[in-house]
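The lines below spell out each chain.
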Amino acid sequence: MKRIRFHPNVPQEVRAIEQRAALNILTAIHRYAATGTGRVKPLSGEFEGLLRLRVGNHRVIFDETEDTITIHRVRDRRDAYR
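Cut-off values and rules
- Residues numbered from 1 in each chain as written.
- Predicted model: local features only at pLDDT ≥ 70, side-chain atom pairs only at ≥ 80, totals over all residues.
- Heavy atoms only, no water.
- Helix = DSSP H or I, 4+ residues; strand = E, 2+ residues; numbered from the N terminus.
- Rg over C-alpha atoms; globule rule 2.2 N^0.38 Å.
- Buried < 20%, exposed > 50% of the residue type's maximum accessible area, 1.4 Å probe, protein only.
- Salt bridge = Lys/Arg side-chain N within 4 Å of Asp/Glu carboxyl O.
- Lys, Arg positive; Asp, Glu negative; His and termini not counted.
- Polar contact = N/O pair within 3.5 Å; in protein donor to acceptor, adjacent residues only side chain to side chain.
- Contact = heavy atoms within 4.5 Å.
- 1 Å grid on protein atoms, 1.4 Å probe; cavity = no way out; pocket = protein on both sides within 12 Å on 5 of 7 lines; lining within 4 Å.
- Points joined across faces, edges and corners; volume = space filled by probe spheres on them.
- Pairing = 2+ DSSP bridges.
- Axes fitted to C-alpha atoms, helices over the stretch in contact; angles between N-to-C directions.

A. View of the overall build of the protein. A tally of regular secondary structure across the protein gives two helices and five strands. In sequence order, the protein lays out its α and β elements as β-α-α-β-β-β-β. Against the globule reference of 12 Å for 82 residues, the protein gives a C-alpha radius of gyration of 12 Å, in line with a compact fold. On the principal axes, the C-alpha backbone points of the protein span a range of 30 × 30 × 25 Å. In the protein, which comprises 82 residues, the share counted as buried stands at 38%.

B. Quick peek at the pattern of salt bridges. This model, assessed by the stated rule, comprises four salt bridges. Arg78 is the partner of Asp76 in a salt bridge, and the nearest nitrogen-oxygen pair spans 3.0 Å.

C. Structural detail: the side chain of Arg59. Topologically, Arg59 is positioned in strand E4 (residues 58–64). In this structure, Arg59 is buried with no salt-bridge partner, the nearest side chain bearing the opposite charge being Asp76 at 7.5 Å. A distance of 3.0 Å separates the side chain of Arg59 from the backbone oxygen of Gly56, its partner in a polar contact. Those residues within four positions of Arg59 in sequence are excluded, and the remaining contacts are Arg52, Leu53, Arg54, Arg73, Val74, Arg75, Arg77, Ala80 and Tyr81.

D. Examining empty space enclosed by the protein more closely. Evaluation of the coordinates by the stated rule reveals one cavity of 30 Å³ or more. The volume enclosed by the largest cavity comes to roughly 30 Å³. Surrounding the largest cavity, Ile29, Tyr32, Leu53, Val60, Phe62, Ile69 and Ile71 form its lining. At the level of elements, helix H2 (19–35), E4 and strand E5 (68–76) are the ones that each hand at least two residues to the lining of the largest cavity.

E. The arrangement of the sheet that holds strand E2 (residues 39–42) in detail. With respect to topology, five strands assemble into an open sheet ordered E1-E5-E4-E3-E2, the strand pairing being mixed. Of all strands in the sheet, those with a lone pairing partner are strand E1 (3–6) and E2, marking the two edges. Each strand of the sheet is rotated relative to its neighbour by a mean of 30°, with strand direction disregarded. The pairing of E1 with E5 spans four bridges and is parallel. If you follow Phe6 over to E5, its bridge partner there is Ile71.

Structure (C-alpha cells):
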C-alpha cells in the first residue's frame, strides 16, 4: 500500500464536505492507495502531471510516486479546477 500525504489545506477541505460524502472520499483514496483501482484520469493544461480521482460529485486532485500519493485538493466538481 502506498503512503498517503495531504497538503496542509486538504483536511480543512474535507471537513467542509458533508460527513457521508467525506467518508466515501477517504475510503476511495485508501482503496486507490491499496489496490490502484478507482475512477482516475490524468489531467492536462494547468494541472498537467496530476491525476484526478472521481468520487461522486467530488474530485480528488493528486500526484503519485512509486511509494507515495500526495493529495493536493478535494473539492466539488464545480470548483475542483478553479
